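What follows is the residue order along each chain.
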Amino acid sequence: MVGSADLYLNDEHLDQNTDIIANPKKALLTKYDVSEDIKSIEVFAAGVFTMKISIMVNGKIVLKDSLSLIDRFANIFFSKK
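Conventions used here
- Residues numbered from 1 in each chain as written.
- Predicted model: local features only at pLDDT ≥ 70, side-chain atom pairs only at ≥ 80, totals over all residues.
- Heavy atoms only, no water.
- pLDDT = per-residue confidence, 0-100.
- Helix = DSSP H or I, 4+ residues; strand = E, 2+ residues; numbered from the N terminus.
- Core = buried A, V, L, I, M, F, W, Y, C linked by side-chain atoms within 4.5 Å.
- Buried < 20%, exposed > 50% of the residue type's maximum accessible area, 1.4 Å probe, protein only.
- Contact = heavy atoms within 4.5 Å.
- Pairing = 2+ DSSP bridges.
- Axes fitted to C-alpha atoms, helices over the stretch in contact; angles between N-to-C directions.

## Section: the confidence of the model for the protein
Logical step 1: Mean pLDDT over the protein: 87, with 93% of residues reaching 70 or higher.
Logical step 2: Per-element mean pLDDT across the protein ranges from 75 in helix H1 (residues 69-75) up to 97 in strand E3 (residues 29-32).

## A word on the nonpolar core
Logical step 1: One finds Ala5, Leu7, Leu14, Ala22, Leu28, Leu29, Ile41, Val43 and Ala45 forming the largest nonpolar core, which totals nine residues.
Logical step 2: Sort the elements by how many residues they give to this core and strand E4 (residues 40-46) lands first, with three residues.

## Some remarks on the side chain of Lys52
Logical step 1: Along the chain, the position of Lys52 falls in strand E5 (residues 52-57).
Logical step 2: Given the relative accessible area of 18%, Lys52 is considered buried.
Logical step 3: When residues no more than four places from it in sequence are discounted, the contact partners of Lys52 are Phe44, Ala45, Ala46, Asp65, Ser66, Leu67 and Asp71.

## So, the environment of Ser66
Logical step 1: Along the chain, the position of Ser66 falls in the loop between strand E6 (60-64) and H1.
Logical step 2: For Ser66, a relative accessible area of 63% gives the class exposed.

## Overview of the sheet that holds E4
Logical step 1: Here we have four strands laid out as an open sheet, ordered E3-E4-E5-E6, and antiparallel in their pairing. Whereas interior strands pair on both sides, the edge strands pair on one side only; in this sheet they are E3 and E6. Strand-to-strand, the axes of this sheet are offset by a mean angle of 15°, without reference to chain direction.
Logical step 2: Note that E3 and E4 share four bridges and pair antiparallel. Bridging from a neighbouring strand, Thr30 pairs with Glu42 of E4.

Below you can see the structure in the form of structure tokens.
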């Protein structure tokens, strides 16, 4: 199995992750000091059957997909490390 997640902003490639399983407690994709206004972008992913995404810019959530009960239950098995 091969997978890839890529972070783009205005057609500029900022980060890539090729992990097979996304840990929902750790950022999947990150970029810091993007511009004067954007100090950080962090993308989190979770989901058992369907991938759910949460995006934080400067520490504030700008997009958050809702997790199902099964997704929330599965998240307890991941560590923050």
